[in-house]
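Next come the chains, spelled out residue by residue.
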Amino acid sequence: MNFSLEGLSYEALEAQLAESGVNPVHAKPLFRAVHRRLLRNDLDSAEGVLPPLQRWLASEQAAKSCAMELVGDTSSADGFTRKYLLRLHDGAEVESVQMGFPGRYTACLSSQVGCAMGCVFCATGQMGFSRHLTASEIVAQVHQVERELRRTQGGTIRNIVMMGMGEPLHNFEPTMEALDIITDNRGLNIGPARVAISTVGYIPGIRKLTRHSKRYSLAVSLHGASDEERGQLIPLNKRWPLVELLDACREYSALKRARVFFAWTLIGGVNDSDDHAQRLVDILKGMDAHVNLIPLNPTEGYKEQAPGEERVRAFQQIIQDAGLPSTVRQRRGIDVAAGCGQLKAQRVKRTR
Ligand code: SAH
Ligand code: SF4
């Protein structure tokens, strides 16, 4: 059997070892070598890896590290935002991004190659869907970013956001398996509260997330406060309209006792008026909510632009006056084509 070590939970690793006749106590040093020391090729010489484990690693059936090659790498002018384009075993490519400051970085991960949701303003949506990522391929992105951070800045990833390419809740099981591994305190040990899953409103996934044992943060992309307006930006809204989405968010908030983060991509002349702000306030009334305003990153396939700074401030003022907490996402990475899917989209264009 062939599998990648990064995608095995601690328990799955123990089971795998037992199945191969190796004492499962060897799971501990191996899990540490993979998830703390981030070793790949030199695993068999790692501290604590004893002969039975070395033999298992060397055997033909035994696990290997996830194949992932860095094929594109861009940094913002200040060097703190860095975007990686990673090629997988079958040639598919995904992006991961690091943002933040030394000692407290956020890694933004992809969950799929492309995306099936087709949001009109999104570079990934414009590409269409190729395939789901495996748990290994999601964990390996964190390892790639953390390895580079250790090499260049001595830094550490503190937060994870599932805001790269793809819809994580459309790839529920592998995404959860990966996050449960990343947050395992025997490995990388990133706290579940520091992990945010961003969804376009894939309701069955929100319901399952609400019932998942760990409490990950939920971020929901809204961008419209009526079905008609939201439906024009997000085709999925036709299948799962706003009332149902907000009901699933309320349930998550109540059962998990957690705040829900709502993203609103601000598009000039489309969803940035005072009226839009007021309607956003109205639909979130009574909910423990926080709004993230994201000025649109222009993409090849969508002609609209971000509003000016004045308009962004006026929009924020209205929701602030209503007592709704909010932040404007700074476009720190704009010089590295920060919008999701944009690095890959540019590359596809160049190679055509
Ligand atoms: N599929 C998930 C997560 C990936 S997208 C989701 O849609 O939530 C992460 C965030 O980036 C979403 O809030 C999405 O609406 C936003 N986004 C996508 N393209 C954008 C663009 N061109 N400009 C600004 N925000 C964008
Ligand atoms: Fe997919 Fe999210 Fe882009 Fe929509 S915004 S197409 S759900 S990645």
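For the structure, check the block above.
Every chain begins its residue count from 1, and numbering advances along the sequence as written. All chains are assigned letters beginning with A, and all ligands numbers beginning with 1, in the order in which they are written. Thresholds applied to this predicted model are a pLDDT of at least 70 for local features of residues and 80 or more for the giving and counting of side-chain atom pairs; totals over whole chains, interfaces and linings are not thresholded and use all residues. Hydrogens are left out, water is left out, and the side-chain values use all remaining heavy atoms of the structure.

Novice: Explain the overall build of the protein chain here, please?
Specialist: A tally of regular secondary structure across the protein chain gives 12 helices and 12 strands. The principal-axis extents of the C-alpha atoms in the protein chain amount to approximately 70 × 45 × 35 Å. Per-residue accessibility, obtained with a 1.4 Å probe over protein chains only, is compared with the maximum for each type, and a residue is labelled buried under 20%, exposed over 50%, and partly exposed between these values. Per-residue burial over the protein chain gives 54% buried out of 352 residues. The criterion used for residue contact is that any of the two residues' heavy atoms lie within 4.5 Å. Contacts in the protein chain between residues far apart in sequence, at least 24 positions, make up 67% of those at least 6 positions apart. Total accessible area on the protein chain is roughly 15,500 Å²; 49% of this is exposed by carbon and sulfur atoms. All tallies of charge rest on Lys and Arg as positive and Asp and Glu as negative; His and the ends of each chain are not included. To locate a charge, the coordinates of NZ of Lys, CZ of Arg, CG of Asp or CD of Glu are taken. Taking the 43 positively charged and 39 negatively charged side chains of the protein chain as two groups, their mean positions are separated by 3 Å. Only DSSP runs of H or I covering at least 4 residues are called helices, and only runs of E covering at least 2 are called strands; the numbering of each starts at the N terminus. Using a 1.4 Å probe, the Shrake-Rupley method yields the accessible areas, and only the shown protein chains count as cover for residues.

Novice: I would appreciate a short explanation of the site of ligand 2 in the present structure.
Specialist: In the neighbourhood of ligand 2, the contacting residues comprise C115, M117, G118, C119, C122, G125, G166 and V200. Looking at the shell around ligand 2 residue by residue, the class counts come to five nonpolar, three polar and no charged. Think of it this way: one heavy atom of a residue within 4 Å of a molecule or strand is enough to make that residue near it. Think of it as three bins: nonpolar holds Ala, Val, Leu, Ile, Met, Phe, Trp, Tyr, Cys and Pro, charged holds Asp, Glu, Lys and Arg, and polar takes everything else, Gly as well.

Novice: Help me out: how do you make sense of the pairing of strand β11 (residues 289-295) in this one?
Specialist: Of all the seven residues making up β11, seven are buried; the element is thus mostly covered by neighbouring parts of the structure. Judged by which residues are buried, β11 turns out to be covered on both faces: A289, V291, L293 and P295 on one side and H290, N292 and I294 on the other are all buried. A clockwise path from the first strand over the helix to the second, with the strands pointing away from the viewer, defines a right-handed crossover. At this point the chain moves from strand β10 (residues 260-266), through helix α10 (residues 274-283), to the parallel β11, and the crossover so formed is right-handed. Of the strand pairs in this sheet, β11 and strand β12 (residues 326-328) are connected by three bridges, and their pairing is parallel. Its bridge partner lying in β12, L293 is registered against V328. Taken together, β11, helix α11 (residues 309-321) and β12 constitute a β-α-β crossover, and its handedness is right-handed. Only strands joined by at least two bridges in the DSSP assignment are considered to pair.

Novice: Help me out: how do you make sense of the nonpolar core in this one?
Specialist: Taken as a class, soluble globular proteins show a tendency for nonpolar side chains to be buried jointly. Here the nonpolar core consists of buried residues drawn from Ala, Val, Leu, Ile, Met, Phe, Trp, Tyr and Cys, with membership extended through side-chain atoms lying within 4.5 Å. Of all hydrophobic cores here, the largest spans 103 residues; its most connected members are W56, I160, F262 and L284. Of the residues forming this core, the biggest block, seven residues, is contributed by helix α5 (residues 135-152). Counting only domains with at least three residues in this core, you end up with domain 1 (5-58) and domain 2 (68-336). If sequence neighbours within four positions are ignored, F262 has contacts with V220, L222, L246, C249, L284, M287, A289, H290, V291 and N292. In this entry, domain limits derive from an automatic or database-based domain assignment.

Novice: Honestly, the pairing of strand β7 (residues 157-162) in this entry has me stumped. Any pointers?
Specialist: Two faces make up the sheet, and in a regular strand the side chains alternate between them. Pairing geometry for strand β4 (residues 104-108) and β7, over four bridges, is parallel. Paired with Y105 across the two strands is I157, which belongs to β7. Bridge analysis of β7 against strand β8 (residues 195-199) gives three bridges, and the strand direction is parallel. The residue of β8 that forms the bridge with V161 is A196. Crossover β7 to β8 through helix α6 (residues 172-182) is right-handed.

Novice: Would you mind going over helix α9 (residues 242-256) with me for this structure?
Specialist: A turn of α-helix holds 3.6 residues, and therefore any two residues three or four places apart point the same way. The terminal C-alpha atoms of α9, which comprises 15 residues, lie 21 Å apart, in line with the 21 Å expected from a rise of 1.5 Å per residue. Of the residues making up α9, those classed as buried are L242, L245, L246, A248, C249, Y252, S253 and K256. The arc that holds the buried residues of α9, viewed along the axis, is 155°, so those residues lie on one side. Exposed residues on α9 whose side chains face more than 90 degrees from its buried face are V243, A254 and L255. The secondary structure elements touched by the buried residues of α9 are α7 (203-211), β9 (217-221), α8 (227-233), β10 and α10. Downstream of α9 by one or two residues, R257 has phi in the positive range, about 50°. To estimate how far a helix should reach, multiply one less than its number of residues by 1.5 Å. Directions are taken from the helix axis to each C-beta atom, and the arc is the one they span.

Novice: What am I meant to see in the environment of V25 here?
Specialist: Within the element layout of this structure, V25 appears in the loop between α1 (10-19) and α2 (27-35). Of the residues examined, V25 reaches a relative accessible area of 56% and is grouped as exposed. The spatial distance from the C-alpha of V25 to the C-alpha of E14 is 7.5 Å, given a sequence separation of 11 residues.

Novice: What's the story with the site of ligand 1 in this structure? I'm lost.
Specialist: Around ligand 1, a shell composed of 19 residues is seen, among which G166, S198, S221, H223 and N297 lie nearest. In this structure, a nitrogen atom belonging to ligand 1 sits 3.3 Å away from a side-chain N or O atom of E167. Identification of polar contacts relies on pairs of N or O atoms within 3.5 Å, with a donor-acceptor requirement for protein atoms, meaning one able to donate a hydrogen and the other able to accept it, and with residues adjacent in sequence counted only if both atoms are side-chain atoms. Between a nitrogen atom of ligand 1 and a main-chain N or O atom of N297, the distance comes to 2.9 Å. In the complex, 93% of the free accessible area of ligand 1, which totals 530 Å², lies under the protein chains. Put simply, the parts of the chain that give the shell around ligand 1 at least two residues each are β8 and β10. Residue classes in the shell around ligand 1 are distributed as nine nonpolar, nine polar and one charged.

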